[in-house]
Amino acid sequence: EYAALSGQAAALGRDFDISGLAAISDADYANFKPVQWPVSASHTTSDRFFARGGFYHTDGRARMVPVASAPIPFQADGIFHLNSGRVRDQWHTMTRSGKSPRLNQHETEPFAQIHPEDAQSLDVESGQLIEIVSAQGKAVVRAKITDRTARGSVFVPMHWSGANTSTGRVNALIAGVADPVSGQPALKASRVRLRRFTPLWYGFAASVAQMQPNSVYSAVSRTPSGSSCELAGLSQPDNWENEARRVLNLNSGGASQMSDTSSGIVRVAIHDGAKLAGLFFAGPNPVKVVRQLANSRLNSDEQALIALAGIPASGQPDPGRTVCACFNLGINTIRQSIQDGATTMIALGNCTAAGTNCGSCKPELQTLIDNIPILTAAE
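Conventions adopted
Residues numbered from 1 in each chain as written. Predicted model: local features only at pLDDT ≥ 70, side-chain atom pairs only at ≥ 80, totals over all residues. Heavy atoms only, no water. Phe/Tyr/Trp six-rings, centres within 6.5 Å; stacked < 30°, edge-to-face > 60°. Helix = DSSP H or I, 4+ residues; strand = E, 2+ residues; numbered from the N terminus. Buried < 20%, exposed > 50% of the residue type's maximum accessible area, 1.4 Å probe, protein only. Lys NZ or Arg CZ within 6 Å of the ring centre and 35° of its normal. Salt bridge = Lys/Arg side-chain N within 4 Å of Asp/Glu carboxyl O. Axes fitted to C-alpha atoms, helices over the stretch in contact; angles between N-to-C directions. Parallel < 35°, antiparallel > 145°, perpendicular 65-115°, else oblique. Left-handed = near helix turned anticlockwise from the far one by under 90°. Contact = heavy atoms within 4.5 Å. Nonpolar A, V, L, I, M, F, W, Y, C, P; charged D, E, K, R; others polar. 1 Å grid on protein atoms, 1.4 Å probe; cavity = no way out; pocket = protein on both sides within 12 Å on 5 of 7 lines; lining within 4 Å. Points joined across faces, edges and corners; volume = space filled by probe spheres on them. Polar contact = N/O pair within 3.5 Å; in protein donor to acceptor, adjacent residues only side chain to side chain. pLDDT = per-residue confidence, 0-100. Patch = residues over 30% accessible without salt bridge, like charges linked within 9 Å, V, L, I, M, F, W, Y side chains within 5 Å. Areas by Shrake-Rupley, 256 points an atom, 1.4 Å probe, with all protein chains shown as cover.

A short note on the packing of aromatic side chains
On inspection of all chains with the given rule, the structure shows seven aromatic pairs. For the pair Tyr2 and Phe16, a centre-to-centre distance of 6.0 Å together with 40 degrees between the ring planes defines the contact as tilted. Of this pair, Tyr2 sits in helix α1 (residues 2–11) while Phe16 sits in the loop between α1 and α2 (26–30); the two residues are 14 residues apart in sequence, bridging distant segments of the chain. A residue is classified by how much of its surface remains accessible, and Tyr2, at 58% relative accessible area, is exposed. For Phe16, a relative accessible area of 25% gives the class partly exposed. Look at Trp240 and Phe280: their rings are 6.0 Å apart centre to centre, the planes differ by 40 degrees, and that puts the pair in the tilted class. Of this pair, Trp240 sits in helix α4 (residues 240–248) while Phe280 sits in strand β12 (residues 275–283), placing them 40 residues apart in sequence. Both residues of the pair, Trp240 and Phe280, belong to the buried class. Members of the aromatic cluster, each reached through a chain of ring pairs, are Tyr2, Phe16 and Trp37. Cation over ring: Arg291 sits above Phe204, and NZ or CZ is 4.7 Å from the ring centre.

A word on the pattern of salt bridges
Scanning all chains against the criterion turns up 16 salt bridges. Here Glu131 ties to Lys138 by a salt bridge, and the two come within 3.6 Å at their closest N and O atoms. The class for Lys138 is exposed, based on a relative accessible area of 55%. Between Glu302 and Arg297 there is a salt bridge; the shortest N-O distance is 3.4 Å. The buried category is assigned to Arg297, whose relative accessible area is 6%. Via salt bridges that share partners, Arg88, Asp89, Arg321 and Glu364 belong to a single interconnected network.

Digging into the packing of helix α7 (residues 331–339) against helix α9 (residues 362–371)
At their nearest, the axes of α7 and α9 sit 10 Å apart, and the two run at 50 degrees to each other. As the angle between them shows, α7 and α9 are arranged oblique. Both α7 and α9 take part in a crossing whose hand is right-handed. Along the contact surface, α7 presents Ile331, Ile334, Arg335 and Ile338, while α9 presents Leu365, Leu368 and Ile369. Its residues assigned to classes, the contact of α7 with α9 shows six nonpolar, no polar and one charged.

Some points on the layout of surface pockets
Counted as a void, the largest pocket has a volume near 1,600 Å³. For the lining of the largest pocket, the element with the highest residue contribution is α9, accounting for five residues. Among the residues making up the lining of the largest pocket, the classes are represented as 16 nonpolar, 17 polar and 14 charged.

Re the side chain of Thr165
One can find Thr165 in the loop between β5 (153–157) and β6 (189–197). Among the polar contacts listed, one links the side chain of Thr165 to the backbone oxygen of Ser218, at a separation of 2.9 Å. If sequence neighbours within four positions are ignored, Thr165 has contacts with Pro110, Trp160, Ser218 and Ala219.

Let's talk about the confidence of the model for the chain
Averaged over every residue, the pLDDT of the chain is 88; the share at 70 or more is 95%. Counting interchain partners and residues more than four positions distant, the pLDDT-below-50 stretch residues 375–379 has one contact.

Focus: a nonpolar patch on the surface
Among the surface-exposed residues, Ile24, Tyr29, Phe32 and Val35 lie close enough to one another that they form a single nonpolar patch of about 380 Å² accessible area. For Tyr29, the location among the structural elements is in helix α2.

A few points about the environment of Thr165
The exposure class of Thr165 is buried, given its relative accessible area of 4%. Sequence spacing of Thr165 and Pro213 is 48 residues, and the spatial spacing of their C-alpha atoms is 8.9 Å. A polar side-chain atom of Thr165 sits 3.2 Å from the main-chain amide nitrogen of Gly168.

A word on unusual backbone geometry
The omega torsion of the bond from Trp37 to Pro38 falls at 5 degrees, within 30 degrees of zero and hence cis. With respect to the secondary-structure elements, Pro38 resides in the loop between α2 and β1 (80–85). In this structure, Asp123 takes a positive phi of about 55 degrees despite not being glycine. With respect to the helices and strands, Asp123 occurs in the loop between α3 (116–122) and β3 (129–133). For Asp123, a relative accessible area of 49% translates into the label partly exposed. The phi angle at Ala353 is positive, at roughly 80 degrees, despite the residue not being glycine. With respect to the secondary-structure elements, Ala353 resides in the loop between α8 (345–352) and α9.

Now the structure itself:
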């Protein structure tokens, strides 16, 4: 259908044409190899597009178009400049990259980077949720406080869709306007207001099943053992075990629950026989649980008491959040290597292999090297 439509567009003077592929079979498509377009159904050509020079106009000459930018200035009345963009390990709206557990471990949920002074004015702390509102819609994402974002601006990645988050669709905040000459949509910026989003409880869950919770805030990520989920709620569940089963998508198996009425912290483990099938943690504040450890314990014979602790056992290191996805290296592991003397990118790569494959983590590795003080012998 897409190939046939390209032929219709070509008949109207557009350059993209793969109409010659419209009739290929399902088997041909399954074994399809890259081709060089155009592949037209109406004529054949051996030329590479633009191989003979020129531009896509009747006379072959370029048409220069004057362009004037219209930046959105910082205003003191609470209006922020939203900038949407990409993060290193995801592609478009995760339709392909989102299927990779490894690529999902670096950034597991949508977030908003805001300047420390803006965060202070909004009474927002790192790790809390923040609501972003525009004339077109709203989104709720995790707050990340950093001076890498300019005062009066907020950056939110565009990869999360309704398939993996309930409120993280930043594209819902962007007006449906397009450039009058090129037709390019204005999909990168918007004027927005920010305010702290205060749920009654925060949660984290890890399950062998694919989770799709309909919580007021939720973000699901693929993991090697199944899926994990960050979530939050505005009302207290009548039964925490039932809530855990709903979120974990586990209706069967035995449940173990630990509750602390004074702190409001609740922890639930679901076992399928001797195998750990799911973990659920909830509390009035962002949950302090070693996510990678919780995910790794699924499908193991780990006892409920140990699994519900949410932290490594004595003597077991905590690697921290993933920085190098290629080699599954956590931030704490990398920091320790730097403190042990791997103070250059080459030395760190030789010691841990971090940054030696695809290299996309190198900027973050260099930041860690620059920001960790190295103790000398005199100190």
